[in-house]
Amino acid sequence: MDIVVTGRHLTVSDRFRAHIEEKLEKITQLEPRTRRVEVLVSHEPNRRQAEVCDKVEITCYAKGPVVRAEACVEDKYAALDLAIDKLMERRRRQKDRRQVHRGRRTPD
């Protein structure tokens, strides 16, 4: 699985990159065929929007539909946690839709 981290209007530190990679290892539990994960970390320089100044967008490419999640919070670590929670919930729902919920679990 390739993890691409991009920063807009800020530089992403090595510590934050390692934190991202550590958190994103959970994705392969729900979807082992994940090919690429793109993480975009951006900063809003507008002082009027200080509460939502850091934004994290996660896009996950695998076989099937592309799953995307984003979160805007004051701290980029908190935004990452919220975005990963959203992404994991969407992956969980997607995996549940693929399962057969009738009979002896045999597809038609």
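Residues numbered from 1 in each chain as written. Predicted model: local features only at pLDDT ≥ 70, side-chain atom pairs only at ≥ 80, totals over all residues. Heavy atoms only, no water.

J.: Got a minute to help me understand the overall build of the protein in this structure?
T.: Counting its secondary structure elements, the protein contains three helices and four strands. In the protein, the order of α-helices and β-strands from amino to carboxyl end is β-α-α-β-β-β-α. Buried positions account for 32% of the 108 residues belonging to the protein. When contacts within the protein are restricted to residue pairs at least 6 apart in sequence, those whose partners lie at least 24 apart make up 48%. Total accessible area on the protein stands at roughly 7,400 Å², and carbon and sulfur atoms take up 45% of it. (Helix = DSSP H or I, 4+ residues; strand = E, 2+ residues; numbered from the N terminus. Buried < 20%, exposed > 50% of the residue type's maximum accessible area, 1.4 Å probe, protein only. Contact = heavy atoms within 4.5 Å. Areas by Shrake-Rupley, 256 points an atom, 1.4 Å probe, with all protein chains shown as cover.)

J.: Where do I start with the packing of helix α1 (residues 14–24) against helix α3 (residues 76–98) in this structure?
T.: Each pair of packed helices can be summarised by the angle the axes make with each other and by the distance between the axes. Orientation of α1 relative to α3, taken along the N-to-C sense of each, is 20°, at an axis distance of 11 Å. One finds that α1 runs roughly parallel with respect to α3. Relative to α3, the crossing made by α1 is right-handed. Every residue of α3 that contacts α1 at R15, F16, H19, I20, K23 and L24 is listed here: K76, Y77, L80, D81 and I84. The class makeup of the residues in the contact of α1 with α3 is six nonpolar, one polar and four charged. (Axes fitted to C-alpha atoms, helices over the stretch in contact; angles between N-to-C directions. Parallel < 35°, antiparallel > 145°, perpendicular 65-115°, else oblique. Left-handed = near helix turned anticlockwise from the far one by under 90°. Nonpolar A, V, L, I, M, F, W, Y, C, P; charged D, E, K, R; others polar.)

J.: What am I meant to see in the pattern of salt bridges here?
T.: Opposite charge on two side chains allows them to pair when their charged atoms are near. Inspection of the entire model under this criterion finds 10 salt bridges. Between E38 and R36 there is a salt bridge, with the nearest N and O atoms lying 3.1 Å from each other. For E38, a relative accessible area of 26% puts it in the partly exposed group. Exposure remark for R36: the relative accessible area of 36% places this residue in the partly exposed category. The structure contains a network of salt bridges with shared partners spanning K55, E57, R68 and E70. (Salt bridge = Lys/Arg side-chain N within 4 Å of Asp/Glu carboxyl O.)

J.: Explanation requested: unusual backbone geometry in the structure shown.
T.: What is expected of a backbone is that most residues other than glycine have negative phi and most peptide bonds are trans. We note that H9 has phi near 65°; this positive angle belongs to a residue other than glycine. Its place among the elements puts H9 in the loop between β1 (2–8) and α1. With a relative accessible area of 67%, H9 lands in the exposed category.

J.: Just to check I follow, could you spell out the side chain of R91 for this structure?
T.: Within the secondary structure, R91 is located in helix α3. Engagement of the side chain of R91 in a polar contact is seen with the side chain of Q94, the distance being 2.7 Å. Setting aside residues no more than four positions away along its own chain, R91 makes contact with L30, E31, T34, C60, A62 and V67. (Polar contact = N/O pair within 3.5 Å; in protein donor to acceptor, adjacent residues only side chain to side chain.)

Without other data, these values stay purely geometric and don't point to any function.
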